[in-house]
Amino acid sequence: MSNKNFLFTSESVTEGHPDKVCDQISDAILDSLLTKCPQSRVAAETTVTTGMALVCGEITSDCYVDIPQVVRNTIKNIGYIGREGGGFDYKTCAVLTSIDEQSCDIAGGVNKALETRSENADTSVSETEAIGAGDQGIMFGYACNETPELMPLPISLAHKLSYKLAQVRKQGILNYLRPDGKSQVTVEYINGKPAKIHTVLISTQHDPEINGECDNSKVQEIIRNDIKKYVIDAVFANEEIKIDSETKILVNPSGRFVVGGPQGDAGLTGRKIIVDTYGGYSRHGGGAFSGKDPTKVDRSAAYAARYVAKNIVAAGLAEKCEIELAYAIGVAEPVSVMVDTFGTGKISDEELSVLVQKNFDLRPAAIINGFDLRGLPAKNGGKFYQLLAAYGHMGRTDINVPWESVDKAETLKSQACSSSACC
């Protein structure tokens, strides 16, 4: 984004959104398998619709997991229970599975990389662990100094609103809410910096009547007042940039949102990739995360790219930074590494690229080992990736995720300053 005046909008969705239901189911299956067998290869896809959940894909593991039970528990925890589920119920929905093993052609390329170690190789990664990338593809990571967690402000606010919406439902503060919901925030930028909150939009599924009131106009008035007080005001009370009298507040602008979740729309794993990352503020390679084990670079390399970008910004070497990584299936080293600081870098992007390749081992096995991507579910009581499957994979402050660490920031700053006049 250049230094000009503009509006930028990002959206988030709650855990009860049908696509997010699917993401959480796929990642719950992944968590269960990695907890029992960390070497499991998983590509679990889920789709949900009225009264049904279907899990398909490729799984190779030495351990058994009761997939239908994992599916039902996940749906229950989201809140689709009986009448409260609004037409979708964890007990009564059909659960279908269609699972194959991972293709031997893919496994052959992943199990052993085609090339040997690079000079920068992580010494903790042995030759036998030098796995190849699980697929070709491009991945982007991004960071900027707009928020304490170094995320773009619009997606940061949208996630907080969606999370708060689910929180007041689960805590019974607004017990007429149902699981499905969305938020959207438009931020006004002046000279390339966030300056004002232009529009806040929340759509939330709800019971058809509230406190015995069934007139829809009155029901919507209750919802608007409650959402403003318990969700919007509560979130912005802790924000540096506040809503004001000019901010447009839209709550359920369609006029009614009773039918929702899988009954209202079919859901599918991997259909909220922009919500999962940077809200559209950064480019995206197109690969989804949920249901994929760490050998899939769609997931692991996207986490690594975020880690690199965040450390560069945390080091004060740029105000914003985007990293692009590209991989070839069966090859460990990235095909390309690109750094773009959009003109905000203290040193050139070319110099930063040299620093990145000197300080970060971006081979799949090194990423997996460095972040302990196979061991995290077991270390977190069997639930890790499922927690990421709603409210974003990047910028999380409520979960201890390794790619949000800025442990290399001081090293990058020291090396940059020793080789240039940036300090």
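The structure displayed is predicted, hence computed values, not measured ones.

1. Quick notes on the nonpolar core
Taken as a class, soluble globular proteins show a tendency for nonpolar side chains to be buried jointly.
Then comes step 1: Judged by nonpolar contacts, the single largest core of 107 residues is most densely connected at I312 and W403.
Then comes step 2: In this structure, I312 is in contact with L317, A318, C321, I323, L352, V356 and L412, ignoring residues within four places of it in sequence.

2. Structural notes on the sheet that holds strand 7 (residues 193-206)
Then comes step 1: Judged by pairing direction, the sheet is mixed, and its four strands sit side by side in the order 1-6-7-8 without closing on themselves. Unpaired on one side and paired on the other, strand 1 (6-13) and strand 8 (248-251) mark the two borders of the sheet. The average undirected angle you get between the axes of adjacent strands in this sheet is 15°.

3. Things to note about the packing of helix 4 (residues 153-170) against helix 5 (residues 216-236)
The packing of two helices is summarised by the inter-axis angle and the distance between the axes.
Then comes step 1: Where helix 4 meets helix 5, the axes come as close as 9 Å, and the angle between the chain directions of the two elements is 135°. For the element pair helix 4 / helix 5, the angle class is oblique. Our pair here, helix 4 against helix 5, has a crossing hand that is right-handed. For the pair helix 4 and helix 5, the contacting residues are L157, K160, L161, K164, L165 and V168 in the first and I227, Y230, V231, I232, A234, V235 and F236 in the second.
Then comes step 2: Considered class by class, the residues forming the contact of helix 4 with helix 5 number 11 nonpolar, no polar and two charged.

4. Remarks on the environment of M151
Then comes step 1: Along the polypeptide, M151 turns up in the loop between strand 5 (137-144) and helix 4.
Then comes step 2: Between the alpha carbons of M151 and T277 there is a distance of 9.6 Å; along the sequence they are 126 residues apart.
Then comes step 3: Setting aside chain neighbours within four positions, we find M151 in contact with C144, E146, T277, Y278, R306, M394 and G395.

5. Some points on helix 2 (residues 67-78)
Then comes step 1: Counted at 1.5 Å a residue, the expected span for helix 2 with its 12 residues is 16 Å, and the 17 Å between its end C-alpha atoms agrees.
Then comes step 2: What helix 2 keeps buried is the set I67, V70, V71, T74, I75 and I78. Seen along its axis, helix 2 keeps its buried residues to an arc of 130°; they face one direction.
Then comes step 3: Buried residues in helix 2 make contact with helix 1 (18-36), strand 3 (52-60), strand 4 (94-100), helix 4, strand 6 (177-190) and helix 12 (385-388).

6. Overview of a negative patch on the surface
Then comes step 1: A surface patch of like charges, here negative, comprises E45, E58, D100 and E101.
Then comes step 2: Look at E101 and you get exposed, because its relative accessible area is 61%.

7. Brief notes about the pattern of salt bridges
Then comes step 1: Applying the stated criterion across every chain yields a total of 20 salt bridges.
Then comes step 2: Here K160 ties to E239 by a salt bridge, and the two come within 2.7 Å at their closest N and O atoms. Of the two residues, K160 sits in helix 4 while E239 sits in the loop between helix 5 and strand 8, which places them 79 residues apart along the sequence.
Then comes step 3: The exposure class of K160 is partly exposed, given its relative accessible area of 33%.
Then comes step 4: Judged by its relative accessible area of 12%, E239 falls in the buried class.
Then comes step 5: We note a salt bridge from K310 to E404, for which the minimum N-O separation is 2.8 Å. Of this pair, K310 sits in helix 8 (residues 297-314) while E404 sits in the loop between helix 12 and helix 13 (409-419); the two residues are 94 residues apart in sequence, bridging distant segments of the chain.
Then comes step 6: Look at K310 and you get buried, because its relative accessible area is 8%.
Then comes step 7: Judged by relative accessible area, which is 9%, E404 ranks as buried.
Then comes step 8: Each of D19, R271 and K272 takes part in one network of salt bridges that share partners.

Analysis parameters
Residues numbered from 1 in each chain as written. Predicted model: local features only at pLDDT ≥ 70, side-chain atom pairs only at ≥ 80, totals over all residues. Heavy atoms only, no water. Core = buried A, V, L, I, M, F, W, Y, C linked by side-chain atoms within 4.5 Å. Buried < 20%, exposed > 50% of the residue type's maximum accessible area, 1.4 Å probe, protein only. Contact = heavy atoms within 4.5 Å. Pairing = 2+ DSSP bridges. Helix = DSSP H or I, 4+ residues; strand = E, 2+ residues; numbered from the N terminus. Axes fitted to C-alpha atoms, helices over the stretch in contact; angles between N-to-C directions. Parallel < 35°, antiparallel > 145°, perpendicular 65-115°, else oblique. Left-handed = near helix turned anticlockwise from the far one by under 90°. Nonpolar A, V, L, I, M, F, W, Y, C, P; charged D, E, K, R; others polar. Expected span 1.5 Å × (residues − 1). Arc of directions from axis to C-beta. Patch = residues over 30% accessible without salt bridge, like charges linked within 9 Å, V, L, I, M, F, W, Y side chains within 5 Å. Areas by Shrake-Rupley, 256 points an atom, 1.4 Å probe, with all protein chains shown as cover. Salt bridge = Lys/Arg side-chain N within 4 Å of Asp/Glu carboxyl O. Lys, Arg positive; Asp, Glu negative; His and termini not counted. Charge placed at Lys NZ, Arg CZ, Asp CG, Glu CD.

Function cannot be inferred from these measures alone, as they are strictly geometric.
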